[in-house]
2 protein chains.
Amino acid sequence: MAKVTLQDIAGVCDVDISTVSRALRNDSRVTTASRARIHAAAKRLGYRPNLLARNLAGGSTRTLWFILPSLDASVDYRLVRHASHHANIRNYTLFTAMHDCDTFTSPSSQSLDHYSELIERAGQGLADGAVILPRRFYSDLSLLKDLVLRGFPIVFIDNYVESLPVPFVTTDNQTAAHELARRCVQAGAREAILLFEEQNAVAKARLAGAQTALRELGVPFVEMHQVPADWTPEILGSSVAILGSAQHYLHQFAVRHAEHLTGKNLVFGVFDDWLGEPSPARTVIIAVQDCETMTHRAVNNLIAQIEKKTQEAPGMDLIPIREFKILSGSF
Amino acid sequence: MAKVTLQDIAGVCDVDISTVSRALRNDSRVTTASRARIHAAAKRLGYRPNLLARNLAGGSTRTLWFILPSLDASVDYRLVRHASHHANIRNYTLFTAMHDCDTFTSPSSQSLDHYSELIERAGQGLADGAVILPRRFYSDLSLLKDLVLRGFPIVFIDNYVESLPVPFVTTDNQTAAHELARRCVQAGAREAILLFEEQNAVAKARLAGAQTALRELGVPFVEMHQVPADWTPEILGSSVAILGSAQHYLHQFAVRHAEHLTGKNLVFGVFDDWLGEPSPARTVIIAVQDCETMTHRAVNNLIAQIEKKTQEAPGMDLIPIREFKILSGSF
DNA sequence: TTGTACGCGTTATCAA
DNA sequence: TTGATAACGCGTACAA
């Protein structure tokens, strides 16, 4: 790895290092002749600018980080994809940093360490700002709080941490779940099972939306995080809707209670994605989040913070669902 | 974003900047007293070391890049996860860089630009080495070739580019597909449809393995990338195996030919993952790649190149399948 | 149009 | 044990 520097080129071309620097940046104040000569020499020697040095001198990296726990849900990947796209448009490079990557031997502690380390590094000059997707509540918010207080540009996406004055953009989950539940009933369901957990803001909003819709429609439902003691699957009627945040939860639940669900007329209501056949449901209704708009808003807000150096008014940016898809079996 | 530097701390504590540097790195040659004083001041002022400067001075970033087109297949995510884990163990930080993130308006050119940009940046001081997953054949290999020739440490994973002398690690796809086909026949299939494309090394190896197995067992098959002109789905018998690289391809094929497949006794053979019920198949046999071993080998090889500064003997490291899973329907 | 000199923040090598 | 000083590679006012 012989590293070629501006100095080396300067030596070969017999000019000063600063002339080389200007020539390679196509500064108009350099003779066309020597500019060509210098470019040729640079190419011949295999010169590559050192980004560390350039960023250190320039005071900016034009780099953003997208910090999130994992990429195992396809919606996460879609967010990263679109965020990267919008960052590129604004002439920034976006890097993905995941902090649940290291949860093999000792899940909780390792993961927390890795999370802290990322938050820590974000403010150490490697990035100009960060989009953060906080999937759960972190026990230790001090590092994040420090970062915010020091004025490091941050935008939350999808989920948020209530106690921090940071702008965030998320789906209007309550309205989305309301509509999703309504459509499930419209598709024939006469009772419903809600699989939304209560532990994060997103699921909480979805639970609230679905509850409201079902109450308005007079459709009875149970929530699986607080199953009534006397409830057994046997009391189910023949037309049931099951709503949850991801295929994973619905399928797991269906398999576990397969004996009671077989033969029923099932409608699944889910967010973002469904792979394969709807089975055992007759129909799957999918609420697809608008990842493109979400990331567009998030990245623009972040860059505004960076370039204007002024914190955007922190607040919630609620994005509507992009579309509702209906999936019916082919067999 | 008031940036606090060593200089600021030095001013407050009335010592030299180099003493501060040593104190904060817990160098034993600093008085316990002043070390405490300096640490306190650093904490009070909210000092964060600038990683750009540190890496520039130190000549190394202890950072690896995992460059890949996308993360839409779950196996990709698993590779990144494990690679990050192994990098952390060796005290490196691994970043994920995707180059198909930018394929919305003008797929081919944009994506190529982004790919080139990443390859270019990898060698510009931001990383010490890179694990590269080349999903397809890139039209322009010159940048990559340059990087290799300049001695930048690289390891290919999963797929590879034949003309480059770079070590790579991949699954023993031929043996895997051979076994997968054998198991499908064992599960009752009397003929087979192979959906492996011919365009990349991985699929080619899988195709070859499956072909060999089926010939050995005397089971007739068709390849869907070169369907015989006179072939129509109607000639299918009642027990058919369909083999492909991912759920996506199998399901798409099944839906397209639903009318001819309904009622048949189907066995699916697939790699890595299957979400939801096997429907329309009776059984899905899944060949799960050993991502942990693959990334372990790749990262270790990469770090060996970096630290010993000697190119490891380039060659193919073939990893066996981790396990074969069998998925049967619950309904 | 080109060269000089300094700054970016940190580490490391000398003296003292 | 500490302080001065030189790298690290590049950008850029300022002077020539």
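Keep in mind that what you see is a predicted model, and the values were worked out from it rather than measured.

Another point: the protein's contact with DNA strand C. Taken together, 25 residues sit near DNA strand C, with Asp16, Thr19 and Thr31 of chain A together with Leu6 and Tyr47 of chain B positioned nearest. The protein-proximal atoms of DNA strand C, defined as those within 4 Å of the protein, are 67% sugar or phosphate. The separation between a phosphate oxygen of DNA strand C and a polar main-chain atom of aspartate 16 of chain A is 2.9 Å. Here arginine 25 of chain B contributes a side-chain N or O atom positioned 2.9 Å from a phosphate oxygen of DNA strand C. Where the surface near DNA strand C is concerned, the elements lending two or more residues are α2 (17-24) and α4 (51-58) of chain A together with α2 (17-24) and α4 (51-58) of chain B. Sorting elements by how many residues they give to the surface near DNA strand C places α2 of chain B first, with four residues.

All names here are of chain A. Read across the sheet, six strands follow the order β7-β6-β8-β9-β10-β12 without closing on themselves; strand pairing throughout is mixed. Each of the sheet's edge strands pairs with one partner strand only, and the pair in question is β7 (221-223) and β12 (323-328). The sheet shows a mean angle of 15 degrees between the axes of neighbouring strands, direction not considered. Note: strand β6 (residues 191-194) against β7, three bridges, orientation parallel. What sits directly across from isoleucine 193, in β7, is valine 222.

The next point concerns the protein's contact with DNA strand D. Taken together, 23 residues form the shell around DNA strand D, and within it Leu6, Tyr47 and Arg54 of chain A together with Thr19 and Thr31 of chain B come nearest. Per the 4 Å cut-off to the protein, sugar and phosphate atoms form 69% of the nearby atoms of DNA strand D. Here a phosphate oxygen of DNA strand D sits 2.7 Å away from a polar atom, N or O, in the side chain of tyrosine 47 of chain A. For the surface near DNA strand D, the secondary-structure elements that each account for two or more residues are α2 and α4 of chain A together with α2 and α4 of chain B.

Residues and elements named next belong to chain B. It is at 8 Å that the axes of helix α1 (residues 6-13) and α2 come closest, and there the two elements cross at 105 degrees. When the axis of α1 is compared with that of α2, the two are roughly perpendicular. Residues Leu6, Gln7, Ile9 and Ala10 of α1 pack against Ile17, Val20, Ser21 and Leu24 of α2.

Let's shift gears to the interface of chain A and chain B. Counting from both sides, the interface comprises 61 residues of chain A and, opposite them, 61 residues of chain B. Between chain A and chain B lies a buried interface of about 5,700 Å² when both sides are counted; carbon and sulfur atoms form 61% of it. It is Arg48, Leu52 and Phe331 of chain A that lose the most area in chain A upon contact with chain B, and together they represent 13% of the buried surface on that side. A salt bridge links glutamate 120 of chain B to arginine 48 of chain A, with the nearest nitrogen and oxygen atoms 3.2 Å apart. Here chain A is connected to chain B by twelve residue pairs in polar contact (both at pLDDT 80 or more). For the side of chain A that touches chain B, the element with the most residues is helix α6 (residues 107-126) of chain A, which contributes eight residues. When grouped by side-chain class, the residues that make up the side of chain A that touches chain B number 25 nonpolar, 24 polar and twelve charged.

Moving on: helix α5 (residues 74-89) of chain A. All names here are of chain A. When the terminal C-alpha atoms of α5 are compared, their 23 Å separation across 16 residues agrees well with the 22 Å that a helix rising 1.5 Å per residue should span. Across the 16 residues of α5, 13 count as buried, placing the element largely inside the fold. Trailing α5 by a residue or two, asparagine 91 shows a phi angle of about 70 degrees, which is positive.

If you walk through the whole model with that rule in mind, you get 22 salt bridges over all chains. Measuring nitrogen to oxygen at the nearest pair gives 3.8 Å for the salt bridge that ties arginine 62 of chain A to glutamate 307 of chain A. Residue arginine 62 of chain A is found in the loop between α4 and β1 (63-68), and its partner glutamate 307 of chain A is found in helix α12 (residues 291-308); the two are separated by 245 residues along the sequence. Among the residues examined, glutamate 307 of chain A registers a relative accessible area of 42% and is labelled partly exposed. As a salt-bridge pair, arginine 182 of chain B and glutamate 179 of chain B come within 3.0 Å of each other at their nearest N and O atoms. With a gap of three residues between them, arginine 182 of chain B and glutamate 179 of chain B both fall in helix α8 (residues 173-186), about one helical turn apart. Arginine 182 of chain B gets classed as partly exposed once you look at its relative accessible area, which sits at 32%. The network of salt bridges with shared partners includes Arg48 of chain A together with Glu120 and Asp146 of chain B.

Calculation rules
Residues numbered from 1 in each chain as written. Chains lettered and ligands numbered in written order. Predicted model: local features only at pLDDT ≥ 70, side-chain atom pairs only at ≥ 80, totals over all residues. Heavy atoms only, no water. Near = heavy atom within 4 Å. Polar contact = N/O pair within 3.5 Å; in protein donor to acceptor, adjacent residues only side chain to side chain. Helix = DSSP H or I, 4+ residues; strand = E, 2+ residues; numbered from the N terminus. Pairing = 2+ DSSP bridges. Axes fitted to C-alpha atoms, helices over the stretch in contact; angles between N-to-C directions. Parallel < 35°, antiparallel > 145°, perpendicular 65-115°, else oblique. Contact = heavy atoms within 4.5 Å. Buried area = accessible area lost by both parts, 1.4 Å probe. Salt bridge = Lys/Arg side-chain N within 4 Å of Asp/Glu carboxyl O. Nonpolar A, V, L, I, M, F, W, Y, C, P; charged D, E, K, R; others polar. Expected span 1.5 Å × (residues − 1). Buried < 20%, exposed > 50% of the residue type's maximum accessible area, 1.4 Å probe, protein only.

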